Amino acid sequence: MSGPVVIEVTRGPIVESRHEGIAAIVKPDGSVVASWGDIDQPILPRSANKPIQAMAFVESGAVGRFGLGDEHIALACASHSGEKRHVETVQDWLGRIGLSEADLECGVHPPRLQGTIEELARAGRQPTPAFNNCSGKHSGFLTTAVQYGEPTSGYIGYDHPVQQRLRAVMTDLCGSNADEFPWGTDGCGIPTLATPLRSLARAMASMADPSLLSDRHAEAAGRIRTAMNAEPFMVAGSGRFCTRLNAALPGVAQVKTGAEGVFCGMLPTLGLGVALKMWDGAARASEVAMAALLDHLGVLPADQREAIVHPPVRNVVGLLVGEMRPARSWLG
């Protein structure tokens, strides 16, 4: 184990801010390829583990039954921006399974983009649960409940069969009993499991290379990876880091952000999983850290490397005033 992940933010020649965190690169059998910081520290994955949470939905057979496709699978993995296509796809999806937005238990928050907020204001409309960035994931939860003939009300509860299935899948993927993980409540109301970072990276590796998993798990993991690359917009939205990387690395990487500085990735061509956590919760730092790890592993497109690993810092008038970068003391 080496020192922590360190991301710097400069202004002129000065390092103005510094973010520290932990990261792990792991194989499906749990062996660690590289690590930084204490990777046995439990962290709350937040939305970074949505691809794992989508497994039970894909395995249920509901995708075929209700005529769903890659856009729905990607949306089940998404922390979307609440743009028009995201919202309309959720609404249509719920209609296909005989439900509506009233059945979503994720709550309501404004869409991410100022332009979408302004469009709603001009139309005199308020955001609905479909605008919630987790509405695709929740639609997947509701779909599995319908598929198995379970109550849809209360599906966010720790003891509901929907959530029990998620813990069973997590147990299979990470090699530890997820029922024993401490847990808190996520922003959208579901349980979020305190998972050792090493175990979270192993779960991602299991999805990247599912050769040690059951055929059912392996098929679902493959469909999820394909969907995240095929429909990168649905995973996040216009200009978003996840969308840009998933679009740029088809078949090579599938990445997903989470709140409070968490980021995860599957690397099927290398058979590896990646997980990281920035301790101050900074999303800007987790993005650069993930880009730096992908570059370290040699999978970033050469023509995009500089802009992704060293994103510019601009002021409000558009002047270039600095950059973000991995510290030399971290990756060298």
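Preceding this paragraph is the structure being described.
Residues numbered from 1 in each chain as written. Predicted model: local features only at pLDDT ≥ 70, side-chain atom pairs only at ≥ 80, totals over all residues. Heavy atoms only, no water.

Student: How should I be thinking about the side chain of Thr144 in this particular structure?
Tutor: Inspection of the secondary structure puts Thr144 in helix 7 (residues 135-147). Discounting chain neighbours no more than four positions away, the residues touching Thr144 are Ala56, Phe57, Ser60, Glu150, Val162 and Arg165. (Helix = DSSP H or I, 4+ residues; strand = E, 2+ residues; numbered from the N terminus. Contact = heavy atoms within 4.5 Å.)

Student: Help me understand the packing of aromatic side chains in this model?
Tutor: Two measures describe an aromatic ring pair: the distance that separates the ring centres and the angle between the ring planes. This structure, assessed with the given rule, holds 5 aromatic pairs. Centre to centre, the rings of Phe57 and Trp93 are 5.4 Å apart; their planes meet at 35°, and the pair counts as tilted. Highlighted residues: Phe57 in helix 2 (residues 55-59) and Trp93 in helix 5 (residues 84-96), separated in sequence by 36 residues. Of the two residues, Phe57 and Trp93, both sit in the buried class. Their ring planes at 10° and their centres at 4.5 Å tell us that Tyr158 and Trp183 sit as a pair that is stacked. Placement of Tyr158 in the loop between helix 7 and helix 8 (161-174) and of Trp183 in strand 5 (residues 183-185) is noted, with a sequence separation of 25 residues between them. On the accessibility criterion, Tyr158 (17% relative accessible area) is buried. Given the relative accessible area of 44%, Trp183 is considered partly exposed. (Phe/Tyr/Trp six-rings, centres within 6.5 Å; stacked < 30°, edge-to-face > 60°. Buried < 20%, exposed > 50% of the residue type's maximum accessible area, 1.4 Å probe, protein only.)

Student: What exactly am I supposed to notice about the nonpolar core here?
Tutor: One recurring pattern in soluble globular proteins: nonpolar side chains tend to sit buried together. Core analysis: the largest hydrophobic core is formed by 110 residues, its most contacted members being Ile7, Ile52, Phe57, Ile224, Leu294 and Trp330. It is helix 13 (residues 283-296) that contributes the most residues to this core, 8 residues altogether. Residues within four places of Ile7 in sequence aside, it is in contact with Ser17, Arg18, His19, Met278, Ala285, Val288, Ala289, Met324, Arg325, Pro326 and Trp330. (Core = buried A, V, L, I, M, F, W, Y, C linked by side-chain atoms within 4.5 Å.)

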